[in-house]
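Residue-level listing of the chains:
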Amino acid sequence: MSPLRFPAMSRCLPLLALALLAGCTIAKPRTDDPLQKYNREAYKFTDNVDKAVIRPVAVGYRNVTTAPMRRSFSDFFTNIRMPITVANDLLQARPKQALQSSGRFLVNLTLGIGGFFDPASQLGLPLEDNDFGITLARWGLPEGDYLFVPLVGPSTARDIWRLPVDSYFFDPLSIYASNHSYHGLQYLPQAMYLVTLRSRGIDAESFLQSAYDPYVFIRDAYRQQRLYAIYDGNPPAEVIQQMQGLDDKGFDPDELLDQQHQWENKHPDQSNPKQ
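Residues numbered from 1 in each chain as written. Predicted model: local features only at pLDDT ≥ 70, side-chain atom pairs only at ≥ 80, totals over all residues. Heavy atoms only, no water.

With respect to the nonpolar core
Move 1: Among the nonpolar cores identified, the biggest contains nine residues, and these are Ile84, Ala87, Leu91, Phe132, Leu136, Trp139, Val165, Phe169 and Phe170.
Move 2: Only α4 (82–91), α7 (132–138) and α8 (162–170) provide two or more residues apiece to this core. (Core = buried A, V, L, I, M, F, W, Y, C linked by side-chain atoms within 4.5 Å. Buried < 20%, exposed > 50% of the residue type's maximum accessible area, 1.4 Å probe, protein only. Helix = DSSP H or I, 4+ residues; strand = E, 2+ residues; numbered from the N terminus.)

What follows is the structure, encoded as structure tokens:
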């Protein structure tokens, strides 16, 4: 038995107790942004750091690797973090999903040579992504204010708890780093994971560049992505309408489209970026 297993399990007990007491009504989504002034400053700071440091590293990573290599690294990190999904499935009382994700993890760990390949998908085992923010949502906790966390990205007052909870209890990379000391080298896998994540985003940059307001684009895209994750990809129609603001008094979608078109006419190079 690994010496890491028992401490991790013991730390999970309080969360399991909370799960037994949790509710199951999902709170309505929010569309307001009361912390927008702070969030925009955090976004601006993060964007500047990204352009100066993070993106160049990701571009360098893409330049020295091939697409199959990047896919293998991506598959490895997706698989090694699967215990986060399994643990949160259990906290949400979803044994079927937990069993499927466990099977996927074991298949890729063995037949996939440590997770660098993905035979589980060929065998029909679905890929699910779950975290403690989704757990809190399914327990009925309201999402709270939207937050843009410097150097981390979009979140909410509810979702931000996934960062410390999932890392401390469930993430094998974080647990390994916290229990080993190699003069800082124990954090190298986590750094590589972050570079892999940023590398994936380069292909989608054209969408952000063509947005009338990149901050709003990221905020709304994040909220929509989380909404679909909470409802397993099938949120109720009334929830979608509320998220889109269709039930708000004074909402005018034509006005928003007109603003976007005006911005595109003034910025033709950004609205039609080179592929």
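Quick notes on empty space enclosed by the protein
Move 1: In this structure the tally under the stated criterion is one cavity of 30 Å³ or more.
Move 2: Quantified by volume, the largest cavity comes out at close to 140 Å³.
Move 3: Forming the walls of the largest cavity are 15 residues, and the residues nearest its centre are Pro29, Glu143, Arg158, Leu227 and Ile230.
Move 4: By residue number, the principal contributor to the lining of the largest cavity is helix α12 (residues 214–230), which donates five residues. (1 Å grid on protein atoms, 1.4 Å probe; cavity = no way out; pocket = protein on both sides within 12 Å on 5 of 7 lines; lining within 4 Å. Points joined across faces, edges and corners; volume = space filled by probe spheres on them.)

Brief notes about the packing of aromatic side chains
Move 1: Taken as a whole and assessed by the stated rule, the structure comprises 11 aromatic pairs.
Move 2: Taken together, a centroid distance of 6.1 Å and an interplanar angle of 75° make the contact between Phe73 and Phe116 edge-to-face. With Phe73 in helix α3 (residues 67–80) and Phe116 in the loop between α5 (95–110) and α6 (119–122), the pair connects residues that are 43 residues apart, well separated along the chain.
Move 3: For Phe116, a relative accessible area of 30% translates into the label partly exposed.
Move 4: With a centroid separation of 4.7 Å and an interplanar angle of 15°, the aromatic rings of Phe76 and Phe116 are classed as stacked. With Phe76 in helix α3 and Phe116 in the loop between α5 and α6, the pair connects residues that are 40 residues apart, well separated along the chain. (Phe/Tyr/Trp six-rings, centres within 6.5 Å; stacked < 30°, edge-to-face > 60°.)

Re the pairing of strand β2 (residues 153–156)
Move 1: Here strand β1 (residues 146–149) pairs with β2 via four bridges, running antiparallel. Note that in β2 the partner of Leu147 across the bridge is Ser155. (Pairing = 2+ DSSP bridges.)

Focus on the pattern of salt bridges
Move 1: Under the definition given, this model contains 20 salt bridges.
Move 2: The shortest N-O distance in the salt bridge between Arg30 and Asp32 comes to 2.8 Å.
Move 3: Look at Arg30 and you get partly exposed, because its relative accessible area is 24%.
Move 4: Across the salt bridge formed by Arg198 and Asp50, the nearest N and O atoms sit 2.7 Å from each other. Within this pair, whereas Arg198 is found in helix α10 (residues 188–201), its partner Asp50 is found in helix α2 (residues 36–63), the two being separated by 148 residues in sequence.
Move 5: Classification of Asp50 by relative accessible area gives buried; the value is 12%.
Move 6: Here the residues in one salt-bridge network are Asp89, Arg94, Glu128, Arg138 and Asp232, joined through shared partners. (Salt bridge = Lys/Arg side-chain N within 4 Å of Asp/Glu carboxyl O.)

Some thoughts on unusual backbone geometry
Move 1: Positive phi, normally seen in glycine, also occurs at Ala93, with a value near 60°.
Move 2: Looking at the element boundaries, Ala93 is found in the loop between α4 and α5.
Move 3: One non-glycine residue, His183, adopts positive backbone phi at about 60°.
Move 4: The topology assignment puts His183 in the loop between α9 (172–178) and α10.

Points about the pairing of β1
Move 1: Covered by surrounding structure in β1 are Tyr146 and Phe148 together with Leu147 and Val149, the residues of both alternating faces.
Move 2: Where β1 folds back onto β2 in an antiparallel hairpin, the turn is made up of three residues, including Leu151, whose phi is positive at roughly 65°.

Regarding the confidence of the model for the chain
Move 1: The predicted model of the chain averages 86 in pLDDT, with 80% of residues at 70 or higher.
Move 2: Every residue in residues 1–6 scores below 50 in pLDDT, and together they form five contacts with partners more than four places removed in sequence or on other chains. (pLDDT = per-residue confidence, 0-100. Contact = heavy atoms within 4.5 Å.)

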